Amino acid sequence: MLLDAARESVASDLGARPDEISFTSSGTAAASAALLGTAAARRRAGDVVVVSAVEHSSVLHAAAHHEQAGGRVVQVGVDAFGRVDPAAFTAPPGTAVASLQHANHEVGVLQPVAEVAERLHAAGVPLHTDAAVTVGHIPVDLRALGADLLTASAHKFGGPAGVGLLAVRTGTRWRSPGPTDEREGGRVPGFPDVPSIVATAAALAARGSELDAEGPRLAALGAELRGRLPTLIDGVELLGDPSPAGSVRHICAFSCLYVAGEALLDGLDRAGIAVSSGSSCTSDALTPSHVLVAMGALTHGNLRVSFGRDSTRADVDALLAVLPGVVREVRARFGAADLDPTL
Amino acid sequence: MTPDGTTTDATGPDGTTMVDARGRRCPLPIIDLARAIVTLADGDTITLWADDPAAGPDVAAWCRLRRQELVSSRPLPTGGEEFVVRRRS
């Protein structure tokens, strides 16, 4: 069966057993199922769900859903790099499940998942990790991480949209939060999208074979960008952990003083460069990124550059050739040209 | 004071400099703050009113980055927030 082969392939890439892997319709659906399914199965242990303050919206939305259904949610804060302190990531009495991302989606910082898992296990609490940022980008091994549940999204590693990965380790108490059938081990009802799942497994296997070469190449691009930005633009704060071992290297985030993120995106877009922003002016709700707020980072003038397998040194050069002029132009437009932006 | 002229700038009865940046979107309240604070003597304070949702985190981040002192912040009864910042040269 194609589906079985895809499951075996994905399981092998993640250090999991095939029967621990289910395919969902998205990374968001996988994160919801992981969190709410564990909370449902451990209802007698309590109704508290613990999450970090910098989780992806899919995890925070699942936690909010749990809260709306009468449960409790506890958020754990982060330091200036965006990282939780393992000693502070504790489970209060009545905790059903905790969730801590493997790496942050906005600033790339790696979280101390293994240490948190060990501490939680000592208290009998299972841990879910959202590995959407890391799967296919750095080696991810379910057992080495120590998490009981792991989720990821195929399109984040070059697979098709519409496929999420849900890993539930053997022995983890989990009950579907909704109706089920016999498919996907009773974890995801409905007929699976077999062609997309096969493509997902192929993409993940291909990424795995490229990691040794792509990892250092993208790390060099990120280092180049982080190194040259402050020399070209005054008033730039680099975000995340500056130590190469502390972050995934394909994400580089920074904030520029006295400019609007939206104006930066427009200026770069005119030059054919696509990046992202966590600034409030770029969000539909006009609120700043919860990740930047939790870190205490400047939320205006924020940009996030993500490198992929198509990214080249020429792309970094093009960005650095255009960005200083865009920042100058936006500062002038906002009446900030004469302010000293030196940090 | 700024190109669109919506900021009002005044000196309160106790000599405190006031900047009303309500209705102005980020980063304009921060630019208003940065522009006004350089007119103060070291140790003097400025009171900023702003209602952009990013003002709270950005005033705090700006004070950290520019090594100025955020003395206090509180919600305004009419909406938005008041920030008191002390100039540190």
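Residues numbered from 1 in each chain as written. Chains lettered and ligands numbered in written order. Predicted model: local features only at pLDDT ≥ 70, side-chain atom pairs only at ≥ 80, totals over all residues. Heavy atoms only, no water.

Colleague: Sorry, what's going on with the layout of surface pockets here?
Modeller: Where empty space is left can be seen by rolling a probe of water-molecule size over the atoms. Residue and element names in this part refer to chain A. Roughly 500 Å³ of internal volume is contained in the largest pocket. Looking at the largest pocket, it is lined by 28 residues, and the ones nearest its centre are Ala 132, Val 133, His 137, His 155 and Lys 156. Across the lining of the largest pocket, the residue classes break down as eight nonpolar, 15 polar and five charged. Residue-level mapping places the lining of the largest pocket at the junction of two domains, with at least three residues from each of domain 1 (2-206) and domain 2 (211-333). (1 Å grid on protein atoms, 1.4 Å probe; cavity = no way out; pocket = protein on both sides within 12 Å on 5 of 7 lines; lining within 4 Å. Points joined across faces, edges and corners; volume = space filled by probe spheres on them. Nonpolar A, V, L, I, M, F, W, Y, C, P; charged D, E, K, R; others polar. Domains from an automatic or database assignment.)

Colleague: Is there a simple way to explain the side chain of His102(A) in this structure?
Modeller: Among the secondary structure elements, His102(A) is positioned in the loop between strand S4 (95-99) and helix H4 (113-122). Using a relative accessible area of 7% as the deciding quantity, one classes His102(A) as buried. (Helix = DSSP H or I, 4+ residues; strand = E, 2+ residues; numbered from the N terminus. Buried < 20%, exposed > 50% of the residue type's maximum accessible area, 1.4 Å probe, protein only.)

Colleague: Would you explain the nonpolar core in this entry?
Modeller: Side chains that are nonpolar tend, in soluble globular proteins, to be buried together. One finds Leu225(A), Phe254(A), Tyr258(A), Leu323(A) and Trp62(B) to be the most contacted residues of the largest nonpolar core, which totals 56 residues. Setting aside residues up to four positions removed in sequence, Phe254(A) forms contacts with Leu229(A), Val236(A), Glu237(A), Leu238(A), Leu239(A), Gly301(A), Asn302(A), Leu303(A), Val305(A) and Leu323(A). Listed in part, the 48 residues of the second largest apolar core include Val48(A), Ala147(A), Ala154(A) and Val291(A). (Core = buried A, V, L, I, M, F, W, Y, C linked by side-chain atoms within 4.5 Å. Contact = heavy atoms within 4.5 Å.)

Colleague: I keep staring at the sheet that holds strand S9 (residues 251-256) of chain A and nothing clicks. Help me out?
Modeller: Within a beta sheet, neighbouring strands are joined by backbone hydrogen bonds and run either parallel or antiparallel to one another. All names here are of chain A. The three strands are arranged S8-S9-S10 in an open sheet whose pairing can be described as antiparallel. Every other strand in the sheet has two partners, leaving strand S8 (236-239) and strand S10 (302-306) as the edge strands with one partner each. Averaged over all adjacent pairs, the angle separating strand axes in this sheet is 25°, with direction ignored. Relative to S9, S8 runs antiparallel, the two sharing four bridges. By the bridge assignment, Val 236 is partnered in S9 with Cys 256. Together, S8, S9 and S10 form the strand contacts of helix H6 (residues 194-232), whose direction differs from that of S8 by roughly 160°. (Pairing = 2+ DSSP bridges. Axes fitted to C-alpha atoms, helices over the stretch in contact; angles between N-to-C directions.)

Colleague: How should empty space enclosed by the protein be read in this particular structure?
Modeller: Residue and element names in this part refer to chain A. All told, the structure shown has one cavity of 30 Å³ or more when counted by the stated rule. Here the largest cavity defines a volume of roughly 40 Å³. Lining the largest cavity we find His 56, Ala 103, His 105, Asp 130, Ala 132, Val 133 and Lys 156.

Colleague: Please explain the confidence of the model for chain B as it appears in this structure.
Modeller: The predicted coordinates of low-pLDDT regions are not to be read in fine detail. Per-residue confidence for chain B averages 88 on the pLDDT scale, and 83% of its residues sit at or above 70. Counted against residues more than four places away or in other chains, residues 1-6 of chain B, with its pLDDT under 50, gives 12 contacts. (pLDDT = per-residue confidence, 0-100.)

Colleague: Would you mind showing me how to read helix H2 (residues 27-41) of chain A here?
Modeller: Note that an α-helix has 3.6 residues per turn; residues three or four places apart therefore point the same way. Residues and elements named next belong to chain A. The first and last C-alpha atoms of H2 sit 21 Å apart over 15 residues, in line with the 21 Å expected at 1.5 Å per residue. For H2, a buried count of 12 out of 15 residues is recorded, marking the element as mostly surrounded by other parts of the structure. Within H2, burial applies to Gly 27, Ala 30, Ala 31, Ala 33, Ala 34, Leu 35, Leu 36, Gly 37, Thr 38, Ala 39, Ala 40 and Ala 41. Between the side-chain oxygen at the start of H2 and the backbone nitrogen of Thr 28 there is a gap of 3.4 Å, and the oxygen is on Ser 26. (Expected span 1.5 Å × (residues − 1). Polar contact = N/O pair within 3.5 Å; in protein donor to acceptor, adjacent residues only side chain to side chain.)

Colleague: Mind showing me how you'd approach unusual backbone geometry here?
Modeller: Note: most residues except glycine have negative phi, and most peptide bonds are trans. Omega for the bond connecting Cys26(B) with Pro27(B) falls within 30 degrees of zero, at 15°, which places this linkage in the cis form. Relative to the helices and strands, Pro27(B) resides in the loop between strand S2 (17-20) and helix H1 (28-37). Even without being a glycine, Glu184(A) presents a positive backbone phi close to 50°. Within the secondary structure, Glu184(A) is located in the loop between strand S7 (164-168) and H6. The exposure class of Glu184(A) is buried, given its relative accessible area of 6%. Backbone geometry at Arg67(B) places phi at a positive 55°, although glycine is not the residue there. Tracing the backbone shows Arg67(B) in the loop between helix H2 (55-66) and strand S4 (69-75). Among the residues examined, Arg67(B) registers a relative accessible area of 55% and is labelled exposed.

Colleague: Please explain a positive patch on the surface as it appears in this structure.
Modeller: A surface patch of positive charge is lined by Arg43(A), Arg44(A), Arg173(A) and Arg175(A). Here Arg173(A) is to be found in the loop between S7 and H6. (Patch = residues over 30% accessible without salt bridge, like charges linked within 9 Å, V, L, I, M, F, W, Y side chains within 5 Å. Areas by Shrake-Rupley, 256 points an atom, 1.4 Å probe, with all protein chains shown as cover. Salt bridge = Lys/Arg side-chain N within 4 Å of Asp/Glu carboxyl O. Lys, Arg positive; Asp, Glu negative; His and termini not counted. Charge placed at Lys NZ, Arg CZ, Asp CG, Glu CD.)

Colleague: Hey, could you run me through the pattern of salt bridges in this one?
Modeller: It is possible for side chains of opposite charge to pair when their charged atoms get near one another. For the structure on display, the rule yields 23 salt bridges over all chains. With its nearest N and O atoms 2.9 Å apart, the salt bridge here joins Asp20(B) to Arg22(B). With a relative accessible area of 18%, Asp20(B) lands in the buried category. It is possible to trace a salt-bridge network through shared partners that takes in Glu224(A), Arg228(A), Arg313(A) and Asp317(A).

Colleague: Is there a simple way to think about the packing of H6(A) against helix H9 (residues 313-333) of chain A in this case?
Modeller: Relative orientation and spacing of two packed helices are given, respectively, by the angle between their axes and the distance between those axes. All names here are of chain A. Between H6 and H9, the shortest axis-to-axis distance is 10 Å and the interhelical angle comes to 15°. Between H6 and H9, the angle is such that the two are roughly parallel. Considering only the axes of H6 and H9, their crossing is right-handed. Contacts between H6 and H9 involve Leu 221, Glu 224, Leu 225, Arg 228, Leu 229 and Leu 232 on the former and, on the latter, Arg 313, Val 316, Asp 317, Leu 319, Leu 320, Leu 323 and Pro 324. In terms of residue class, the contact of H6 with H9 is built from nine nonpolar, no polar and four charged. (Parallel < 35°, antiparallel > 145°, perpendicular 65-115°, else oblique. Left-handed = near helix turned anticlockwise from the far one by under 90°.)

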